[in-house]
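As a plain string of letters, each chain reads:
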Amino acid sequence: MKLSYIETDCTNPYANLAMESALFETIEEDELILFLWQNEPSLIFGKNQNLWQECNLTNVQKDHVHLVRRPTGGGAVYHDLGNMNFTFLAKDYYFSIERNNTILLNALKKLDIDAEISGRNDLLVQNKKFSGHAYLHKSSTSLHHGTLLIHSDLTKMPLYLNVDQRKMKTKAVSSVKSRVINLQEIKPITLSDMKQSLRKSFEEEYGLTSFVKEEPPHTLITEFQKKYE
């Protein structure tokens, strides 16, 4: 078994999801990968979602927010540069959602943040969501990715996403704030802090040193990027 670590300064959501797909297609048999990435303002949809139902297209187009459909299920999410995305990739033999979640929770503990798992897809702190997850299993390879809200602009979410009326209180913004939280509201952490803590926790979970992974072939990334665009 070997641990591979990769992060990118690219904030183009089409390119980042293309990178993720290329990593999925080229992963080695004995490899576990942790990929960290960020997107400029974007709405990322689950594979089966209807974007006309899920978002306010008028606001999306006015503010030049990217629309991207990911290969995993789950709901639509808003990304900006205050959010960090993680992806765990492995062949099925090594893949463990439980261990992935342990890595996330231990990384947060290192930053003095006590979080908990809620169901299969969410992480909570103070009973508020800061991380949502989705999964892909294909051709003996598995992927687990999700969000980590560090200092995202929570006021933007209800402008672009059609908030479930059952979760509304009085106004969309107050509803979002009642259910979602940034980690910086708990501790004054930075994105760099989170990256370092995640990598260390990744290594500790498996008792191995991680190595910086080279990017997959550019031609493959370009091929996937065209698909996402």
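One can find the structure itself at the top, above this paragraph.
Positions within a chain are numbered from 1, following the residues in the order the chain's sequence is written. In keeping with the model being predicted, local features are shown solely for residues with a pLDDT of at least 70 and side-chain atom pairs are shown and tallied solely at 80 or more, while totals for entire chains, interfaces and linings include all residues. With hydrogens and water stripped out, all remaining heavy atoms of the structure feed into the side-chain values.

## Some words on empty space enclosed by the protein
Inference 1: Using a 1 Å grid laid over the protein atoms alone, points where a 1.4 Å probe fits but cannot get out form a cavity; open sets with protein on both sides within 12 Å along at least 5 of 7 lines form a pocket; any residue with an atom within 4 Å of a point counts as lining. Grid points are joined across faces, edges and corners, and a volume is the space filled by probe spheres set on the points. In total, this model carries one cavity of 30 Å³ or more according to the counting rule given.
Inference 2: By volume, the largest cavity amounts to about 50 Å³.
Inference 3: For the lining of the largest cavity, the secondary-structure elements that each account for two or more residues are strand 2 (31-37), strand 6 (83-91), helix 4 (97-110) and helix 7 (191-206).
Inference 4: When residues of the lining of the largest cavity are assigned to their parent elements, the largest contribution, three residues, is made by strand 6.
Inference 5: Think of it as three bins: nonpolar holds Ala, Val, Leu, Ile, Met, Phe, Trp, Tyr, Cys and Pro, charged holds Asp, Glu, Lys and Arg, and polar takes everything else, Gly as well. Grouping the amino acids of the lining of the largest cavity by side-chain chemistry returns nine nonpolar, two polar and no charged. Secondary structure follows DSSP: runs of H or I at least 4 residues long count as helices, runs of E at least 2 residues long count as strands, and numbering of each begins at the N terminus.

## Describing the side chain of Thr 147
Inference 1: In this structure, Thr 147 sits in strand 10 (residues 141-149).
Inference 2: Judged by relative accessible area, Thr 147 falls into the buried class, the value being 9%.
Inference 3: By definition in these notes, contact holds between two residues if any of their heavy atoms fall within 4.5 Å. Excluding anything up to four places from it in sequence, Thr 147 contacts His 79, Asn 83, Met 84, Asn 85, Phe 86, Phe 130, Ser 131 and Gly 132. Residue burial is assigned from relative accessible area. The probe radius is 1.4 Å, only protein chains are included, and a residue is buried under 20% of its type maximum, exposed over 50%, and partly exposed in between.

## Structural notes on the sheet that holds strand 5 (residues 77-79)
Inference 1: Spatially, the three strands line up as an open sheet ordered 4-3-5, and their pairing is mixed. Across the chains shown, the open sheet's two edge strands, defined by having one partner strand only, are strand 4 (66-69) and strand 5. On average, each strand axis in the sheet is tilted by 25° relative to the strand beside it, whichever way the strands run.
Inference 2: In this scheme, strands are said to pair when DSSP sees at least two bridges between them. For strand 3 (residues 42-45) and strand 5, the ladder comprises three bridges, and the chain directions are antiparallel. Orientation is described by axes fitted as lines to C-alpha atoms, over the contacting stretch for helices, and by angles from 0 to 180 degrees between their N-to-C directions.

## Things to note about the nonpolar core
Inference 1: As used in this record, nonpolar core signifies buried Ala, Val, Leu, Ile, Met, Phe, Trp, Tyr and Cys residues forming a set joined through side-chain atoms within 4.5 Å. By size, the foremost hydrophobic cluster in this structure holds 48 residues, and its most contacted members are Leu 43, Phe 130, Leu 183, Met 194, Leu 198 and Phe 202.
Inference 2: The leading source of residues in this core is helix 4, at six residues.
Inference 3: The contacts of Leu 43, once residues within four sequence positions are left out, are Cys 55, Val 60, Val 65, His 66, Leu 67, Val 68, Val 77, Tyr 78, Tyr 160 and Leu 161.
Inference 4: Membership of the second largest hydrophobic core comes to 21 residues, among which are Ile 6, Trp 37, Leu 89 and Leu 143.

## A look at the pattern of salt bridges
Inference 1: A carboxyl oxygen of Asp or Glu within 4 Å of a side-chain nitrogen of Lys or Arg is what we treat as a salt bridge. Under the definition given, this model contains nine salt bridges.
Inference 2: The residue Glu 31 makes a salt bridge to Lys 213 at a minimum N-O spacing of 3.0 Å. Of this pair, Glu 31 sits in strand 2 while Lys 213 sits in the loop between strand 11 (210-212) and helix 8 (218-228), and the two are 182 residues apart along the sequence.
Inference 3: Its salt-bridge partner being Asp 122, residue Lys 129 comes within 3.2 Å of it at the nearest N-O pair.
Inference 4: The class for Lys 129 is partly exposed, based on a relative accessible area of 31%.

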